[in-house]
Structures are given as C-alpha cells and as structure tokens.
Amino acid sequence: MVRHLLKISDLTKAEIEKIIDKSIELKNNPQKFTSALEGETLLMIFEKPSLRTRISFEVGMQQLGGHAIFYSIKDAPLGRKENIQDTAKAASRYISLMAARLYKRHDMWDLAKYSDVPVINMLDDFAHPCQMMGDFLTIKEKIGRLERFKMSYFGDAHNNVTYDLMRICAMFGLELDVACPAGKEYTPEQIVLDEVAQISEGTGAYINILHDAYNAARDSDIVYTDSWMSYGIPVEQEEERRKIFTPFQVNSQLMETAKPDAIFMNCLPAKRGYEQTAEVIDGPKSFVFDQAENRLYSQKAIMLFLRDKF
Ligand code: CP
Ligand code: NVA
C-alpha cells in the first residue's frame, strides 16, 4: 500500500524521530545525498499561495538529484473539467511523488486515495505536517530534546497548524496549552479534539484549550503563534478578527510570563503588530527563520522516507 503524509499522525512517533535524525544528517552532510532521488520527479500542486513550502520543496528535490514541477491549480482542469480521481490517476503515471497545497481536506484525501504515488500534504484546512517536521527539528536543535517541555500556542486555534501541533504534542506526551478566543470559529474542531484525546490516553500528554493567554504562557518553554489571517480568509474579516485575537497577541509581557529561556516560534508568514509584536519576532528569543530553513532538510528527509530510501 502506498504511504501518504496527510497529517502528522499518519506517522508514528518512531518514524518522526527517524525522519528528524535523517534531516540532521541531510543538514550536516548534503553531499552524501546529491543523487538520492536521481531521475525522480515531484509534482507540486498549489491551490493556495506559498513562499517557504514551494521554494524549499523545489530546492530540496533539486539537491537530491531529482526534479520538481510547480503546478498552479489555476492551470488545472481539476475540480472543473476533470475530477480529482482522474487528475490523481493520470499524474501518477509520470511522477514518483506528489505534493499538494489545497483548501479542502476532502480534496486532499481524494487525491491521496486515487494516487498511485505517495502524496504529501503541503497544507490544507486540517493539517500542516511538513511544518511540524521542520519545527520539531528546530526544537531539538534549540531545546536539545523532544520530551519534557511545555509549549503554548496563541491565537487562531481553528487552524491547520494548531491541529498538527496538538497531534504531535499528544504523540510525544507533551504539555500544550492552546489559548484562543471562545467560539467555534476560533477553537479546534471536535474531530481533532477527539483524535488528540485518544492519542494522549496512551502517551500521558496534556493538551488543554483555554481562553486566557497569561495562564497558557506560564511555565512555557516554547511560545508559538500563527497568522490571524490564514490563506483564504476574506480580507473583509480582518478588522473584526484583529479585535477578537488581540488579547492573544504574543508581546514582550506575554513572553515574560513564560520561562526565562523560552523561545518564540511562528511558522510564517507573520504580520508584526498582529499575532506578535515586532519586538518579539525580531528579538533574541525568536527562531522563526531557523524554522523556515529547517523545512528544507526535513522535507528532503520526508521525500526519502516516502520513497523508501532509508
Ligand atoms: N510556513 C509555510 O508553510 O509558509 P508558506 O505559506 O510560505 O509556504
Ligand atoms: N494557518 C496558516 C498557515 C500558513 C503556513 C494558513 O493556513 O495560512
């Protein structure tokens, strides 16, 4: 059966650790892997915009000796003249890996269902597993371990990145406080809460949803936030969302509530004065560009993993 990576919990904890170790090897010794995917092609289908994901996948594939095709959904008959099933089946005949950034999780799942090659989710409305792999590599580098730390997340929790953060923290038996406004459009979906509760039962993780930023920040080793205006949210909602999310902004005062050596993370893109202040994101505790850089190594490792190369 073809393996796909549609959400972080499609991997086991042991597999995540193995991929992180391979990412470190790829980072330290890129020369060893210059022909690891020679002659192979990655198709990248984009429905939403991207800077980091597109560039890091394209560069990563090139560094592994393969080739990446950028394919904008605007050019595709997908969903209009042709259904996803036929798109997946036809594209699979030319390539060895497919990656997609789509708005809807059901489209992503259909693509994977009918693809004969591994599909990597580059972001939909349910998950961002590639971000998690880069982030946990960054945490391993900065904190030195992937256990016994507390993370807190602030802002929009009805959100792809938050969902995968909850899943991965549950898998690793960690404590994660998610601080968000009340209301179903800002809090995680029940299906995610259920999955996370089930994982946590086996690992002893403590994943908590709360509506007070300062309670969440207390004792945190890592403070994480994501955009208040995720791709696809209409610009007309910006003003209202800014008001609603402002109590969850990561600013210096909130950072001071966390542990003295706490680090700040954001998957990017970020807007200064919104989900965090400039002082925080441009300050010494911020490792957002290490997160961005590490996407490259972790995605190279993901591609090698899905192609059975280690
Ligand atoms: N973090 C992330 O996925 O960035 P892009 O949207 O620029 O790809
Ligand atoms: N939640 C953000 C993540 C961007 C990488 C979005 O969906 O736009």
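Above: the structure in question.
Throughout what follows, the structure given in this document is the object of discussion. Predicted model, so just to flag it, every value in this text is computed and none were measured.

## Points about the sheet that holds strand S1 (residues 41-46)
- With parallel pairing, the four strands of this open sheet are ordered in space as S2-S1-S3-S4. Strand pairing shows two members of the sheet lacking a second neighbour, strand S2 (67-72) and strand S4 (119-121), which therefore form its edges. Neighbour to neighbour, the strand axes of the sheet diverge by 20° on average, direction disregarded.
- Pairing analysis gives five bridges linking S1 to strand S3 (residues 97-101), with the strands arranged parallel. From the neighbouring strand, methionine 44 faces S3, where its bridge partner is alanine 99.

## Things to note about the sheet that holds strand S8 (residues 222-225)
- Ordered by their spatial adjacency, five strands build an open sheet running S7-S6-S5-S8-S9, and the pairing between neighbours is parallel. The sheet terminates laterally at strand S7 (206-210) and strand S9 (263-266), the two strands that pair on one side only. For this sheet the average axis-to-axis angle between neighbouring strands, irrespective of direction, equals 20°.
- Of the strand pairs in this sheet, strand S6 (residues 175-179) and S7 are connected by five bridges, and their pairing is parallel.

## Topic: the environment of glutamate 141
- One can find glutamate 141 in helix H5 (residues 129-143).
- The class of glutamate 141 is partly exposed, set by a relative accessible area of 34%.
- Dropping the residues within four chain positions of it, glutamate 141 is found in contact with Lys27 and Asn294.
- Side chain to side chain, glutamate 141 and lysine 27 meet in a polar contact 2.7 Å long.

## Quick look at the packing of helix H1 (residues 13-28) against helix H12 (residues 288-306)
- Where H1 contacts H12, the axes come no closer than 8 Å and their chain directions differ by 120°. Judged by the inter-axis angle, H1 sits oblique to H12. The way H1 lies across H12 gives a crossing that is right-handed. Across the interface between the two elements, Glu15, Ile19, Lys22, Ser23, Leu26 and Lys27 from H1 touch Glu293, Asn294, Tyr297, Ser298, Lys300, Ala301, Ile302, Leu304 and Phe305 from H12.
- Partitioning the contact of H1 with H12 into residue classes produces seven nonpolar, three polar and five charged.

## Remarks on the side chain of serine 200
- Structurally, serine 200 can be placed in helix H7 (residues 190-203).
- Once residues lying within four places of it in the same chain are set aside, the contact partners of serine 200 are Ala170, Ala205 and Ile207.

## What about the nonpolar core?
- Among the nonpolar cores identified, the biggest contains 63 residues, and Ile16, Leu42, Phe136, Met151 and Met303 are the most heavily contacted of them.
- With sequence-adjacent residues up to four places away left out, methionine 151 is seen in contact with Phe136, Ile139, Leu165, Cys169, Glu175, Leu176, Asp177, Ser220, Ile222 and Tyr224.
- Core analysis: the second largest hydrophobic core is formed by 18 residues, Leu210, Ala217, Met255 and Phe264 among them.

Analysis parameters
Residues numbered from 1 in each chain as written. Chains lettered and ligands numbered in written order. Predicted model: local features only at pLDDT ≥ 70, side-chain atom pairs only at ≥ 80, totals over all residues. Heavy atoms only, no water. Pairing = 2+ DSSP bridges. Helix = DSSP H or I, 4+ residues; strand = E, 2+ residues; numbered from the N terminus. Axes fitted to C-alpha atoms, helices over the stretch in contact; angles between N-to-C directions. Buried < 20%, exposed > 50% of the residue type's maximum accessible area, 1.4 Å probe, protein only. Contact = heavy atoms within 4.5 Å. Polar contact = N/O pair within 3.5 Å; in protein donor to acceptor, adjacent residues only side chain to side chain. Parallel < 35°, antiparallel > 145°, perpendicular 65-115°, else oblique. Left-handed = near helix turned anticlockwise from the far one by under 90°. Nonpolar A, V, L, I, M, F, W, Y, C, P; charged D, E, K, R; others polar. Core = buried A, V, L, I, M, F, W, Y, C linked by side-chain atoms within 4.5 Å.

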